[in-house]
Amino acid sequence: MNCPNCNNSDTEDLQPYSGLHAPFTRLSLFKCTGCELVFAAPIPTTDELGKYYSNYWDGSVAISTPSTRRYYIAQSLSRIRYLSDKVNLPEKMEVLDIGAGLGLFHKAMVDEGINHEFTAIEFDAKQLEQLNKSDIKECYKELSDLPADRKYDLVILSHVLEHMSSPHQFISDIMIHVKPGGYLFVELPNSDYRYKAIYESHLLFFTPASLRNMLGHHGKVVDVSTVGQQAAKLNITSATPQSGPILLIKEIIKTMLVLVTPDHTNKQIKRFKMSDYGGDRQWLRAIITTTEK
């Protein structure tokens, strides 16, 4: 069983994979003895993954509600602040968001008054339909749908890389669209098999070192940081979206709280430690830049 990062064949059979839907129930986790990446195998087929992700939002593992949108806007604002702290972003940016979901990174940039042109890529059919109805001018289903010569100052890859069965090819395909001197921002879980009861549909489980190792093959690594709540204190048991009258009541209460809470977004950032860095934490954030200017 070869490592999808360094191709090392010396791997340790770690544990059975914890998933609920086909094709994830037949997998196991393996750890590379070289780069220490943990990965799932055998890899599901392209058709299996395509069918699963076509109904990802409001389907298998996620649900979009007013409160989740508020949460993701706060998370996006935290990411923008991280980027602004680590690199010199241009005053006007061309931004590509791969796996744009609800388009809330764009919304956070608008709220912050950041001058930008935004392109979204989203595989989920329903979300892509909604993105096409928004103020985002360019929306595509796949990275391969982008014009070959389109390049961006900043590419956002948030909670996407851990789903990839061929990560190096995927990153290579992305870097073609990064301008000379531009940046790729990556965020993903920090070895979340340790603190989640169900970690479907992740295929790759990174540590700071293994993420730095992989990204270093594709550009100059500017930063790799841990962020969020302390991993040792996490025990995430929820695996599927809630629905029904209980969800409706919760959403009414949460919406009322938002309306009466001043500076709600920053309080979300503080509550969920979205800008707390250092040590063994929930997520990894990283930036790489092209080696040529």
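Whatever comes next refers back to the structure up there.
Every chain's residues receive numbers from 1 upward, in the order its sequence appears when written. Where local features are concerned, this predicted model is filtered to residues with pLDDT of at least 70; where side-chain atom pairs are given and counted, the filter is 80 or more; whole-chain, interface and lining totals use all residues. Computation of side-chain values covers all heavy atoms of the structure but excludes hydrogens and water.

> Which residues make up the overall build of the protein chain, and what values go with them?
By definition, any uninterrupted DSSP run of H or I lasting at least four residues is a helix, any uninterrupted run of E lasting at least two residues is a strand, and each is numbered from the N terminus. What the protein chain contains, in helices and strands, is 9 helices and 11 strands. Scored against the burial criterion, the 293 residues of the protein chain give a buried share of 50%. Contacts spanning at least 24 positions in sequence make up 71% of the contacts within the protein chain whose residues lie at least 6 apart. Per-residue accessibility takes into account occlusion by the displayed protein chains alone, with areas from the Shrake-Rupley method and a 1.4 Å probe. Here the protein chain displays about 14,200 Å² of accessible surface, and carbon together with sulfur accounts for 51% of that area. The cut-offs for exposure are 20% and 50% of the maximum accessible area for each residue type, with area from a 1.4 Å probe on protein chains only; residues under the lower value are buried, those over the upper are exposed, and the others partly exposed. Only heavy atoms matter for contacts: two residues are in contact if any of them lie within 4.5 Å across the pair.

> Outline the packing of aromatic side chains, listing residues and values.
In this description, an aromatic ring pair is defined by two values, namely the gap between the centres and the angle between the planes. In this analysis, rings of Phe, Tyr and Trp, with Trp reduced to its six-membered ring, are considered paired at centre separations within 6.5 Å, and the interplanar angle assigns stacked below 30 degrees, edge-to-face beyond 60, and tilted for intermediate values. Per the stated rule, a full pass over the model turns up 11 aromatic pairs. Residues Y17 and F24 carry aromatic rings whose centres are separated by 6.1 Å and whose planes lie at 25° to one another, so their mutual orientation is stacked. Each member of the pair, Y17 as well as F24, is classed as buried. Residues Y82 and Y277 carry aromatic rings whose centres are separated by 5.8 Å and whose planes lie at 20° to one another, so their mutual orientation is stacked. Here Y82 is found in helix α3 (residues 66-86), whereas its partner Y277 is found in the loop between α9 (264-271) and β11 (281-289), with 195 residues between them in sequence. Residue Y82 is classed as buried on the basis of its relative accessible area, which comes to 3%. Counting every residue linked through ring pairs, the aromatic cluster contains Y17, F24, Y52, Y53, Y193, Y199 and F205.

> Describe the sheet that holds strand β9 (residues 204-205), with residues and values.
Spatial ordering of the open sheet is given by β1-β2-β3-β9, a layout of 4 strands whose pairing is antiparallel. Two strands close off the open sheet at either side, each with one partner strand: β1 (11-16) and β9. Note on pairing: two strands pair once DSSP finds at least 2 bridges between them. The pairing of strand β3 (residues 38-41) with β9 spans 2 bridges and is classified as antiparallel. Looking across to β9, one finds that F39 is bridged to L204.

> With reference to specific residues and values, describe the nonpolar core.
Ranked by internal contacts, the top residues of the largest apolar core, which has 36 residues, are I98, L157, L161, L184, F206 and L211. The residues contacting L161, other than those within four sequence positions of it, are P167, F170, I171, V186, L188, L204, F206, L211 and M214. Buried Ala, Val, Leu, Ile, Met, Phe, Trp, Tyr and Cys residues form a nonpolar core when they are joined through side-chain atoms within 4.5 Å. Judged by nonpolar contacts, the second largest core, of 21 residues, contains I80, V95, F105 and M109.

> Describe unusual backbone geometry, naming the residues involved and giving the relevant values.
The residue after A41, namely P42, is reached through a cis peptide bond having omega 0°. Note that P42 resides in the loop between β3 and α1 (46-53). With an omega of 10°, the peptide bond running from E200 to S201 counts as cis. Here S201 lies in the loop between β8 (178-189) and β9. Of note, N7 is a non-glycine position whose phi angle comes to about 65°, a positive value. Turning to its location among the elements, N7 is positioned in the segment before β1. Given a relative accessible area of 54%, N7 falls into the exposed group. Not every positive phi belongs to a glycine, and E36 is a case in point at roughly 70°. Here E36 shows up in the loop between β2 (28-32) and β3. Given the relative accessible area of 42%, E36 is considered partly exposed.

> Break down the pairing of β3 for me, citing the residues and quoting the values.
Residue alternation in β3 divides its side chains into two sets, V38 and A40 and F39 and A41, and both sets are buried. Taken together, the 4 bridges between β2 and β3 define a ladder with antiparallel strand orientation. Its bridge partner being in β3, F30 is matched across the sheet by F39. Taking the residues between adjacent antiparallel strands as the criterion, β2 and β3 are bridged by 5 residues, where E36 takes a positive phi near 70°.

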